[in-house]
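Chain by chain, the residues:
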Amino acid sequence: MSEDSMKFRLKYVVEDVDRHGNVRLYYRRNGRKVRLRGPAGSPEFLADYRTAAAGPREAKTDKAGRVVPKSFRWLCVQYFKSAMFQELDPRTQKVRRSILERFCEHKGDGDKPFAQLLPRHIRVRRDEMADRPEAANGMVKAVRQLYRYALRYDHHDDNPAEKVEYLKGNPDGFHSWTLAEIEKYEEAHPIGTPARLALALALYTGQRRADLVVLGKQHVRDGWLIFTQHKGRNRKPVRMEIPVIPELQHIIDATPTGDLTFLVTAFNRPFTSNGFGNRFRKWCDDAGLPQCSVHGLRKAAAARLAELGCTEQEIMSITGHRTSKEVTRYTRAASQKTRAESALRRLSREQTPDESVPLLAAVVPGGTKSQPK
């Protein structure tokens, strides 16, 4: 626990460390977790603590005991019941509902008329979360989707969140593993261990953790992994067929696996997506790689394919992306390296033995070399 927290401790206050190493303070009680501004003991901290300890604000209701009509919370309730929301993946539903409920609880905003929400109001909320740009952008995105529902169902004629800009976070996203980091992980987790199998599945298939935890022997047919990706499976399913390369097959054969999934917990049960993420986090920490994550292996796989000269379409056939936008971000550095190497190789081939001849004049049409005048 940090020095500030040791000096000033209150009941139900806990510390969490995010993937960037930043210490966050939270009020955690009865399954509810509320972010507290630091440092511990500051006026901001105490104000947030008192608000969190008082519990979630009750929604204002009319005489019939219902949520106030046309309030922001009322719009959220309508959205949660709509087909637009129900068609989302269950995990996406859970995350979006949580974000919008927190928006409602902030300073009683849930009880205010949703038609009066303006872009400047959302920007203020966004800027309060500037130290967490990903979370701030997630909030803006959730409100955008809420008002898209309002437009589609004729509850409103404007989407204020569409006019709010996203914050600039880390342009490269999750850290992409280097070859040295992969070798360090392999040294800590030899073939035959679940940790090594997890690395191989992630690296040699390029899939998300939600797919890695469901892959099993039943998905292998004639040396190919055949499955439908978890993301978007209910709206825009992506069916994948990926060859099982010899390196991956060797590790699968050498490792105890479950009946329905390759990866299983200590109790021989399939992992949940979040549970696997937490477990892989520990395996990385055990290998001395706190900066690495399972998602970073997906990036590393795409980057390695780019370094080998694969086209974006070929990489997308492995990762399952529908557009090249995300693949381009994954492989930007690798593509630059490959193009630079190719360009300098051409330069080396075209360089004339007579260094006094300018490079651009070294080769003329017809294949004859020009002579210095």
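What comes next concerns the included structure. Bear in mind the structure is a predicted one, so any value in this text is a computation, not a measurement.

**Brief notes about the pattern of salt bridges**
- Going through the model one piece at a time under the given rule, you end up with 19 salt bridges.
- Between K112 and D109 there is a salt bridge, with its nearest N and O atoms 2.9 Å apart.
- For K112, a relative accessible area of 43% corresponds to the partly exposed category.
- Among the residues examined, D109 registers a relative accessible area of 15% and is labelled buried.

**Quick notes on the packing of helix α8 (residues 179-188) against helix α9 (residues 194-205)**
- Closest axis-to-axis distance for the α8/α9 pair is 9 Å, and the angle between their directions is 150 degrees. Put simply, α8 runs roughly antiparallel to α9. Taken as a pair, α8 and α9 cross one another with a handedness that is left-handed. Across the interface between the two elements, I182, Y185 and E186 from α8 touch A195, R196, L199 and L203 from α9.
- Across the contact of α8 with α9, the residue classes tally to five nonpolar, no polar and two charged.

**Description of the pairing of strand β5 (residues 224-228)**
- Sheet analysis places strand β4 (residues 220-221) next to β5, joined by two bridges and oriented antiparallel. Its bridge partner being in β5, V220 is matched across the sheet by L225.

**As for the packing of helix α13 (residues 294-307) against helix α14 (residues 312-319)**
- Relative to each other, α13 and α14 sit at 150 degrees, their axes nearing to 10 Å. With respect to each other, α13 and α14 are oriented roughly antiparallel. In this structure, α13 meets α14 at a crossing whose hand is right-handed. Residue-level inspection shows R298, A302, L305 and A306 of α13 in contact with α14, the latter providing I315, I318 and T319.
- For the contact of α13 with α14, the per-class residue count stands at five nonpolar, one polar and one charged.

**Notes on the sheet that holds strand β3 (residues 32-36)**
- If you trace the three strands from one edge of the open sheet to the other, you get β1-β2-β3, paired in antiparallel fashion. Every interior strand has two partners, whereas the edge strands, β1 (13-17) and β3, have only one. Direction aside, neighbouring strands of the sheet carry axes that sit 40 degrees apart on average.
- Two strands pair when backbone bridges link them, and β1 and strand β2 (residues 23-29) are joined in this way by five bridges, in the antiparallel orientation. Its bridge partner lying in β2, V13 is registered against Y27.

**Here we look at the state of the cysteines**
- For the structure on display, the rule yields zero disulfides.
- No disulfide involves C284; its nearest neighbouring cysteine sulfur is the one of C292, lying 5.8 Å away.
- By relative accessible area, C284 is classed as buried at 0%.
- Residue class for C292 comes out buried when judged on its relative accessible area of 0%.

What counts, and at which threshold
Residues numbered from 1 in each chain as written. Predicted model: local features only at pLDDT ≥ 70, side-chain atom pairs only at ≥ 80, totals over all residues. Heavy atoms only, no water. Salt bridge = Lys/Arg side-chain N within 4 Å of Asp/Glu carboxyl O. Buried < 20%, exposed > 50% of the residue type's maximum accessible area, 1.4 Å probe, protein only. Axes fitted to C-alpha atoms, helices over the stretch in contact; angles between N-to-C directions. Helix = DSSP H or I, 4+ residues; strand = E, 2+ residues; numbered from the N terminus. Parallel < 35°, antiparallel > 145°, perpendicular 65-115°, else oblique. Left-handed = near helix turned anticlockwise from the far one by under 90°. Contact = heavy atoms within 4.5 Å. Nonpolar A, V, L, I, M, F, W, Y, C, P; charged D, E, K, R; others polar. Pairing = 2+ DSSP bridges. Disulfide = S-S within 2.5 Å.

Keep in mind these values describe shape, not function.
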